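# Understanding the architecture of this molecule
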Amino acid sequence: MSIPPALRGATIAGVGMYVPERILTNAELARMVDTSDEWIVERTGIHERHIAAPEQATSDLAAPAALEALKVAGQSPESVDLIIVATSTGDTNGYPATAAYVQEKIGAKNAAAFDVSAVCSGFTYALDVALQYVASRRYDTVLVIGAETNSRFVDWTDRTTCILFGDGAGAVVVRPTEYGEGILGSILGADGSGTDLLKVPAGGSRLPLTAELIAAHQNTIYQNGKAVYRFAVDKMGVAAMEAVEFVGLTAEDVDLLIPHQANIRIIQSAAKHMGMPMEKVVSNLDRYGNTSGATIPIALYEAWKSGRVKPGNIIVTVGFGAGLSWGANVIKWGTLPV
Ligand code: COA
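About the cut-offs
- Residues numbered from 1 in each chain as written.
- Predicted model: local features only at pLDDT ≥ 70, side-chain atom pairs only at ≥ 80, totals over all residues.
- Heavy atoms only, no water.
- Helix = DSSP H or I, 4+ residues; strand = E, 2+ residues; numbered from the N terminus.
- Patch = residues over 30% accessible without salt bridge, like charges linked within 9 Å, V, L, I, M, F, W, Y side chains within 5 Å.
- Areas by Shrake-Rupley, 256 points an atom, 1.4 Å probe, with all protein chains shown as cover.
- Salt bridge = Lys/Arg side-chain N within 4 Å of Asp/Glu carboxyl O.
- Lys, Arg positive; Asp, Glu negative; His and termini not counted.
- Charge placed at Lys NZ, Arg CZ, Asp CG, Glu CD.
- 1 Å grid on protein atoms, 1.4 Å probe; cavity = no way out; pocket = protein on both sides within 12 Å on 5 of 7 lines; lining within 4 Å.
- Points joined across faces, edges and corners; volume = space filled by probe spheres on them.
- Nonpolar A, V, L, I, M, F, W, Y, C, P; charged D, E, K, R; others polar.

A word on unusual backbone geometry. A cis amide bond links Tyr-95 with the next residue in sequence, Pro-96, at an omega value of -10°. If you trace the backbone, Pro-96 turns up in the loop between strand S4 (82–86) and helix H4 (98–106). Between Gly-323 and Leu-324 the backbone carries a cis peptide bond, its omega angle lying at -10°. In this structure, Leu-324 sits in the loop between strand S12 (314–321) and strand S13 (325–332).

The next point concerns a positive patch on the surface. Where like charges cluster on the molecular surface, the positive patch consists of Arg-43, Lys-226, Arg-230 and Arg-265. Residue position: Lys-226 is located in helix H7 (residues 225–246).

So, on to the layout of surface pockets. Put simply, the second largest pocket is a space of about 200 Å³. Taken together, Leu-7, Arg-8, Gly-9, Leu-131, Gln-132, Ala-135, Tyr-179, Gly-180, Glu-181, Ile-183, Leu-184 and Gly-185 make up the lining of the second largest pocket. Counting only elements with at least two residues in the lining of the second largest pocket, the list comes to helix H5 (122–135) and strand S8 (182–190). Residue composition of the lining of the second largest pocket, by class: six nonpolar, four polar and two charged.

Everything listed here is a matter of coordinates, which is why it stays silent on function.
Quick look at the structure:
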């Protein structure tokens, strides 16, 4: 029997992002549904969001983000061992994985490819999967992408949901490092008793699409906004702290919190729970809205690009979403030149 190889560390060796050009402002939304810029900003913090062009599917957003992350990492597409796409708005309804489209688009012909479906927590789940593969020495180069085309699943006549969501993609390259460096650990969780609180009811095996269901807007995002809000406020800060404690750190050790970007009030409550000033919290939802599985890698990219992330910094990512699901990763940032 061979001796199992020792664990090693896994670090973020490259980051990239892509958002479609078209910007949809609150003022434009106010001409589509009964809402106002003032209401949206006050209740959510969102000012505008990006919307995919008609010919763009989720893999079209994911591919440029992935290529940028590979370039930053100095890795070729051929060197990628595995592509994981965190998405709940894939190119097709499950067949095939969006990761397979990305593999073809970027020319990563040696990579295995699959999707992770944990909705807005998806990136935190996918990053933890990448950590396991790299730490166990199974793979050396894993591309983790959060990418969504929410605009295709939004009911544009429902003012309670259509104001929240946007489209975009963020990507990271996960590569080996010394044990104790890089992604230090994660916590993941789910509460399936909350499946009805946030979902796209029709179009799956439970409720295959019919003309009646489409007419009743059952193929678009439904949510119990108040219940989801309560869950998020209760869970986000707690989940982040659980991850921090899991890796043996305290809130004082955290240099930057990168939370899922759903609502500025939810982000503020998480920061408060952790005793973190807002200067240590990354928020860009004013410009992108809620891009589901893409919010965290996009925010991470922007924090890195603007020089907010320094070598050795402790970064905590935390997501929550449909499922209900939640997840958090603690990352000791390496040296990644901007
Ligand atoms: N513009 C104007 N008025 C709106 C509106 C809009 N876009 N959406 C809802 N309203 C109205 C409601 O109809 C309600 O009117 P009423 O009092 O006459 O019934 C009033 O505003 C208050 O609605 P309420 O739902 O109580 O607002 P809220 O403060 O809870 O904010 C959300 C609503 C959706 C912004 C908030 O609940 C939320 O962010 N929930 C979490 C959603 C989320 O993050 N989902 C994704 C998770 S990954």
